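Each chain, written out:
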Amino acid sequence: RHIDLAVAFREQSQALIQQAYVEYPEIPAGYLEAQAWAATRWQHRIPETTPTHHDMPPVYGLFGLYGTDQYGFVDLLGRVAEAAAIPREQLLASEAVYVDAVAAFVAARITEYGLEGRPFEELRPIVELLSGIEVTSDATRYAVTSHAYEVYRTAGSGIDLGTVQVAPRAVDLRQAFTVNELQQLQAQTLV
């Protein structure tokens with residue numbers, strides 16, 4: 001029964017994301033799925049069921065938005081709710097509302113940054129924004145870069161969750177990251 005609910009949720013999520021691409025053509029295909037996978041492993045997290053992990057603040061919704069400006073994080077949940085002109089609770093109460101509001105927020109940032117029609121690899125500022133981490137040091141820069149790398153790798157390899165499949169898209173990591181970044185991101189260990 002639990003597996004059936006997870007499958008149904010993933011199928012519903014995929015349908016909502018496909019609808020978002022139609023409504024917001026500025027967003028490149030594959031980005032929303034890759035963000036959902038990198039941030040939450042495709043789970044719509046809500047406050048009552050979101051555990052903290054290693055004293056980190058919880059993330060909310062399918063795309064893993066932080067709900068605080070403390071500890072070096074960015075309150076993307078609040079920013080998306082404000083942009084959609086709805087309370088946070090309403091944003092999280094409906095996955096359809098949440099996916100649409102986040103997609104509208106992402107599309108608006110793409111336009112704001114002048115990135116409409118640019119190759120997916122050039123949307124790294126948007127991918128980094130959705131990490132929800134404020135860059136204040138080399139360590140936080142690495143965390144944001146790691147998030148972006150996970151999103152781009154996921155988009156490039158696709159997602160296969162059984163009944164839900166997202167085809168891989170062409171992603172040139174050398175266009176999205178510097179040589180030094182790729183060496184760090186692909187290293188076995190870092191000191």
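Residues numbered from 1 in each chain as written. Predicted model: local features only at pLDDT ≥ 70, side-chain atom pairs only at ≥ 80, totals over all residues. Heavy atoms only, no water.

Student: Go over the packing of aromatic side chains, please, and point to the residues and values.
Tutor: In this structure the tally under the stated criterion is six aromatic pairs. Taken together, the ring pairs in this structure connect Tyr31, Phe120, Tyr149, Tyr152 and Phe177 into an aromatic cluster. In this arrangement the basic side chain of Arg109 is found over the ring face of Phe105, its NZ or CZ atom lying 4.6 Å from the centre. (Phe/Tyr/Trp six-rings, centres within 6.5 Å; stacked < 30°, edge-to-face > 60°. Lys NZ or Arg CZ within 6 Å of the ring centre and 35° of its normal.)

Student: Got a sec to walk through the nonpolar core? Specific residues and values, please.
Tutor: If you look at the biggest cluster of nonpolar residues, it comprises 54 residues, and the most contacted ones within it are Ile27, Tyr31 and Phe63. No other element matches helix α5 (residues 95-112), which puts nine residues into this core. Excluding its chain neighbours within four sequence positions, the residues that come into contact with Ile27 are Tyr21, Leu32, Ala103, Val106, Ala107 and Ile110. (Core = buried A, V, L, I, M, F, W, Y, C linked by side-chain atoms within 4.5 Å. Buried < 20%, exposed > 50% of the residue type's maximum accessible area, 1.4 Å probe, protein only. Helix = DSSP H or I, 4+ residues; strand = E, 2+ residues; numbered from the N terminus. Contact = heavy atoms within 4.5 Å.)

Student: With reference to specific residues and values, describe the environment of Gln175.
Tutor: Relative to the helices and strands, Gln175 is located in helix α8 (residues 173-176). A relative accessible area of 57% places Gln175 in the exposed class.

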